[in-house]
Amino acid sequence: MRMTYRFPNTPKMKDIRLEVENRNGKLRFALSGPGSFLYRPMIWYYLKWHSGLGAMTAKDGSNVYSMYIPPIPSEPHNRQLETFLNIWVFKKRIPFAVTIGVTDKCQLNCVHCSVPQSAKKKVPLTLPEIKRVIAECISLGVTNITFTGGEPLLQDNLEECLAAVPADKAIAQVFTNAVGLDKERAASLKKAGASGIQISLDSPDPAEHDRRRGGKGLFELVKQGVNNALREGLLVGLSTYATNESIAGKELTRLAALAAEWGANEVSVFDVIPTGRLLQSTEVMVTKKNRRLLLREASLLNKKNRGRPRIVSQTWTNSGHGFARFIGCLAALYQFHINAFGDFIPCDFTPLSFGNVRTESVENLWQKLVGHPAYCKRRHDCRMQDPRFREAYIDSIPAGSDLPYPINCL
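Predicted model only: the values in this text are computed from it and were never measured. (Residues numbered from 1 in each chain as written. Predicted model: local features only at pLDDT ≥ 70, side-chain atom pairs only at ≥ 80, totals over all residues. Heavy atoms only, no water.)

Peer 1: Looking at this structure, how should I read the sheet that holds strand E6 (residues 97–101)?
Peer 2: Note: strands within a sheet are paired through backbone hydrogen bonds, in either parallel or antiparallel orientation. Pairing in this open sheet of nine strands is mixed, and the strands run E12-E11-E10-E9-E8-E7-E6-E13-E14 from one edge to the other. Edge positions in the sheet fall to strand E12 (310–313) and strand E14 (344–345), since each has one partner strand and no second. Examined bridge by bridge, strand E8 (residues 171–176) and strand E9 (residues 196–200) share four bridges and lie parallel to one another. The residue of E9 that forms the bridge with Val-174 is Ile-197. Strands E6, strand E7 (144–148) and strand E13 (335–338) of the sheet are contacted by helix H3 (residues 127–140), whose axis makes an angle of about 170 degrees with E13. (Pairing = 2+ DSSP bridges. Helix = DSSP H or I, 4+ residues; strand = E, 2+ residues; numbered from the N terminus. Contact = heavy atoms within 4.5 Å. Axes fitted to C-alpha atoms, helices over the stretch in contact; angles between N-to-C directions.)

Peer 1: Can you walk me through empty space enclosed by the protein in this structure?
Peer 2: Leftover empty space is mapped by rolling, across the atoms, a probe with the size of a water molecule. If you walk through the whole model with that rule in mind, you get one cavity of 30 Å³ or more. What the largest cavity holds in volume is close to 90 Å³. In terms of lining residues, the largest cavity is bounded by 13 residues, among which Tyr-241, Ala-242, Ser-246, Glu-251 and Leu-252 are the most central. Put simply, the parts of the chain that give the lining of the largest cavity at least two residues each are strand E10 (235–242), helix H8 (244–248), helix H9 (251–262) and helix H10 (288–305). Each residue belonging to the lining of the largest cavity can be placed in one class, and the counts come to eight nonpolar, two polar and three charged. (1 Å grid on protein atoms, 1.4 Å probe; cavity = no way out; pocket = protein on both sides within 12 Å on 5 of 7 lines; lining within 4 Å. Points joined across faces, edges and corners; volume = space filled by probe spheres on them. Nonpolar A, V, L, I, M, F, W, Y, C, P; charged D, E, K, R; others polar.)

Peer 1: Mind showing me how you'd approach the pattern of salt bridges here?
Peer 2: Two side chains carrying opposite charge are able to pair once their charged atoms lie near each other. On inspection of all chains with the given rule, the structure shows 18 salt bridges. Here Glu-159 makes a salt bridge to Arg-185, at a shortest N to O gap of 2.7 Å. Placement of the pair is Glu-159 in helix H4 (residues 158–163) and Arg-185 in helix H5 (residues 183–192), with a sequence separation of 26 residues. Taking the relative accessible area as the measure of exposure, Glu-159 reaches 15% and is therefore buried. Its relative accessible area of 16% is what places Arg-185 among the buried residues. A salt bridge links Arg-212 to Glu-208, with the nearest nitrogen and oxygen atoms 2.8 Å apart. With a gap of four residues between them, Arg-212 and Glu-208 both fall in helix H6 (residues 206–213), about one helical turn apart. Salt bridges sharing partners connect three or more residues here, namely Arg-2, Arg-17, Glu-19, Glu-21 and Arg-23. (Salt bridge = Lys/Arg side-chain N within 4 Å of Asp/Glu carboxyl O. Buried < 20%, exposed > 50% of the residue type's maximum accessible area, 1.4 Å probe, protein only.)

Interpretation in functional terms is not warranted from these geometric data alone.
Put into structure tokens, the structure is as follows:
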């Protein structure tokens, strides 16, 4: 597949053309136009890195390198590449992704639930409000919209939310525990426009997964959910979290083997974060030594399995190594979160609010976020794992406060 990329929202690049071709699984490109030589090194490095990864699958003639990146070439990826260039060449702050909570309800009782605990009764966003938020996120530059919860499959209008994401501008995903992801629901999500499903799997051991999730038979539902989603042609990712204990037991190796056996495309590994129910449990944080061990384990697995399934770890994105030096902490650089009640949050692990989409536009709230002293500069490391950040912005939250807490009150 071959496609011409244009950069209409970047005045200095408006006359530049980028021909991107997927030829036999490899990316090739040709750049032309006045001043194009200035941008060639960055574009070459960006596409060369992706091509070097090797596609984990193909979709409609385009390569899929990660569920977090639109297929290459494609119109949403054209937009994402333009955003990448604006961030790193023109020093602008434009987000790639947003996670939107469509409900606070969940049928499970996970020991590590990251949703901020609230004692107040709040009114969730309505479908018209969610649609408006989606449109504003797209106008801001977002190219990846992921619907979360609570458990989003409990939301009857989830399909309408997915359908509101313009397929020529962004990819849409659902983050689920797989309870309710039967054949009919998988087909419905695909028809509505979902490109992929991210399914939580806390342990490769069925009994341990069920224990951490607070119910029986949940591991088997994950397996069935993966199969149902793949059968409908959806990309499937398994999402897990790393602890000091799981790293010592090399759980990732066993989980990656399960993902390969089931046919999943990708495995995302987040560090366990002291947030939500674990907000005061800072002792759970992964040590620097174990992060290095996890980074090595993930790297070896990617080489051994040739990226099928691909392992994407927070440890790598925060490492500053190779292409990861362009990533780091996603909050306020590439991503933000809007919860089910409209609170605008740096990421879904951070119990801090910059305002509400019911009273301010997404763009205004984004500008508040990126202009704040704690977020105005990019960082390699996760803020929620930084003792200094936690001392200034988390430990100072008054006891018993409703969360997320307004950052302007600190």
